[in-house]
Amino acid sequence: MSATVRPLLSAPEIHARIEALAADIRRDNPDADLHFIGVLKGSVFFMADLLRAMSGTVTMDFIAVSSYAGTKTTGEVRMLKDVDRGLQDRHVIIVEDIVDTGLTLHYLQDLLRARGTRSLRTACLLSKPSRRKVDVPVDYIGFEIEDHFVVGYGLDYDEHYRHLPYIGVLTS
């Protein structure tokens with residue numbers, strides 16, 4: 001690959017913000033048994049660190065959807081892997097790596113809400129509000145960023161760069 005990565009958010013910045021997000025989530029749900037659903041593959045690092053920072057009872061599952069081809073969204077969301085357990089009457093937190101157009105998250109919120117969750121909230125590490133195509137609620141946002149194609153800390157370009165401990169802007 002001939003691209004380079006310009007650092008945008010350092011590992012210490014990311015980890016400090018995740019600690020704060022975990023505290024916010026628990027403050028808003030002080031006595032709830034929370035069930036986190038990570039959106040594969042990008043949320044894996046964020047979700048692992050977020051759950052390690054949580055106090056109280058938490059459980060987790062994963063869901064996989066796709067709406068991208070390379071660096072462009074297709075606008076169509078496809079289900080690749082569903083959750084393993086029922087969500088009826090559970091307090092659910094969707095964990096997303098990045099909210100871009102909002103199409104994927106809107107699809108997931110509608111899908112999971114229809115399964116009878118007691119409450120449904122969303123935590124994302126990164127948000128690009130300038131790219132929204134649908135108005136989608138996001139309860140917990142790590143960082144708002146400008147419209148750059150970012151990689152690292154779970155985010156990829158063609159399955160590359162996920163392993164980076166920081167988030168960077170992919171440049172050619």
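Data block above holds the structure.
Bear in mind the structure is a predicted one, so any value in this text is a computation, not a measurement. Throughout, a residue's number is its position along its own chain's written sequence, starting from 1. Since the coordinates come from a predicted model, pLDDT governs what is reported: local features require at least 70, and pairs of side-chain atoms require 80 or more to be given and counted, while whole-chain, interface and lining totals use all residues. Calculated side-chain values reflect all of the structure's heavy atoms, with hydrogen atoms and water omitted.

Only DSSP runs of H or I covering at least 4 residues are called helices, and only runs of E covering at least 2 are called strands; the numbering of each starts at the N terminus. Counting its regular elements, the chain contains 3 helices and 9 strands. Listed by position from the N terminus, the elements making up the chain come as β-α-β-α-β-β-β-α-β-β-β-β. Computed over the C-alpha atoms, the radius of gyration of the chain is 15 Å, within 12% of the 16 Å expected from 2.2 N^0.38 for a compact globule of 172 residues. For the C-alpha atoms alone, the extent of the chain along its principal axes is close to 50 × 35 × 25 Å. Exposure categories follow from relative accessible area, calculated using a 1.4 Å probe and restricted to protein chains: below 20% of the type maximum is buried, above 50% is exposed, and the middle band is partly exposed. For the chain, the residues scored as buried account for 45% of the 172 residues in total. Taking contacts inside the chain between residues at least 6 apart in sequence as the whole, the part at least 24 apart equals 64%. Counted as positive: Lys and Arg. Counted as negative: Asp and Glu, with His and the chain ends omitted from the count. The atom standing in for a charge is NZ when the residue is Lys, CZ when it is Arg, CG when it is Asp and CD when it is Glu. Taken as two groups, the 20 positive and 24 negative side-chain charges of the chain have centres that lie 2 Å from each other. A radius of gyration in this sense is built from C-alpha atoms; the matching globule rule multiplies 2.2 Å by the number of residues raised to 0.38. Here a residue-residue contact requires only that any non-hydrogen atoms of the pair lie within 4.5 Å.

Quick look at the packing of aromatic side chains now. What counts as a ring pair is set by centres within 6.5 Å for rings of Phe, Tyr and Trp (its six-membered ring), and what kind of pair is set by the plane angle: stacked under 30 degrees, edge-to-face over 60, tilted for all other angles. A complete count under the given rule lists 2 aromatic pairs for this structure. Judged by centre distance (6.0 Å) and plane angle (40 degrees), the rings of Phe 45 and Tyr 153 are tilted. Here the residue Phe 45 occupies a position in helix α2 (residues 44–53), and Tyr 153 occupies one in the loop between β8 (150–151) and β9 (167–171), the gap between them amounting to 108 residues. We classify Phe 45 as partly exposed; its relative accessible area is 35%. In this structure Tyr 153 comes out as buried when scored by relative accessible area, which is 4%.

Think of an α-helix as 3.6 residues a turn; residues three or four steps apart then line up on the same face. Listed as buried for helix α3 (residues 103–113) are Thr 104, Leu 105, Leu 108, Gln 109 and Leu 112. Axial view of α3: buried residues confined to an arc of 130 degrees, hence all on one face. Regarding the arc, it is the one traced by the directions from the helix axis to the C-beta atoms.

A few words now on the side chain of Thr 117. Inspection of the secondary structure puts Thr 117 in the loop between α3 and β6 (119–127). Using a relative accessible area of 14% as the deciding quantity, one classes Thr 117 as buried. In contact with Thr 117, other than residues within four places in its own chain, are Leu 87, Asp 89, Arg 90, Val 92 and Leu 112.

Here we come to the sheet that holds β9. The pairing of strands in a sheet happens through backbone hydrogen bonds and is either parallel or antiparallel. Pairing between two strands requires that DSSP report at least two bridges joining them. Pairing is antiparallel across the open sheet formed by 3 strands, whose spatial order is β1-β9-β8. On the outer flanks of this sheet lie β1 (4–9) and β8, each paired with one strand and no other. With 2 bridges joining them, β8 and β9 adopt antiparallel strand pairing. Looking at the pairing, Val 150 lines up with Val 169 of β9.

The next thing to look at is the nonpolar core. Core analysis: the biggest nonpolar cluster contains 28 residues, and Ile 25, Phe 36, Leu 50, Leu 125, Leu 126 and Ile 167 have the highest contact counts within it. Those elements that place two or more of their residues in this core are α1 (11–28), β2 (34–40), α2, β5 (91–99), β6, β7 (140–144) and β9. With 5 residues, the top contributor of residues to this core is α1. The contact partners of Leu 126, leaving out residues within four places of it in the chain, are Leu 9, Asp 97, Ile 98, Val 99, Phe 143, Ile 145, Val 150, Leu 155 and Ile 167. Residues belong to a common nonpolar core when they are buried Ala, Val, Leu, Ile, Met, Phe, Trp, Tyr or Cys residues joined through side-chain atoms within 4.5 Å.

Here we come to the environment of Asp 89. Here Asp 89 is to be found in the loop between β4 (72–81) and β5. Judged by its relative accessible area of 43%, Asp 89 is partly exposed. Taking C-alpha positions, Asp 89 is 8.7 Å from Arg 115, a pair spaced 26 residues apart along the chain. Leaving out residues up to four positions away in the same chain, Asp 89 has contacts with Gly 116, Thr 117 and Arg 118. Counted as a polar contact is a pair of N or O atoms within 3.5 Å, where, for protein atoms, one must be capable of donating a hydrogen and the other of accepting one, and residues adjacent in sequence contribute only when both atoms are in side chains. Reaching out from Asp 89, the side chain makes a polar contact with the side chain of Arg 118 at a distance of 2.7 Å.

Let us now look at the packing of α1 against α2. Inter-axis angles, ranging from 0 to 180 degrees, are taken between N-to-C directions of lines fitted to C-alpha atoms, where helices are fitted over the stretch in contact. In the contact formed by α1 and α2, the axes pass within 9 Å of each other and the chain directions differ by 55 degrees. On the basis of their axis angle, the class for α1 and α2 is oblique. Where α1 crosses over α2, the handedness of that crossing is right-handed. Where α1 approaches α2, its residues His 15, Ile 18, Glu 19, Leu 21, Ala 22 and Ile 25 are matched on the opposing element by Phe 46, Asp 49, Leu 50 and Ala 53. Classifying every residue of the contact of α1 with α2 by side-chain character gives 7 nonpolar, 1 polar and 2 charged. Under this scheme an angle from 65 to 115 degrees is roughly perpendicular, one under 35 degrees roughly parallel, and one over 145 degrees roughly antiparallel; angles in between are oblique. For any pair of crossing helices, the crossing counts as left-handed if the nearer helix is rotated counterclockwise from the farther one by less than a right angle, and right-handed if it is rotated clockwise. Note on residue categories: nonpolar means Ala, Val, Leu, Ile, Met, Phe, Trp, Tyr, Cys or Pro, charged means Asp, Glu, Lys or Arg, and polar means any other residue, Gly included.

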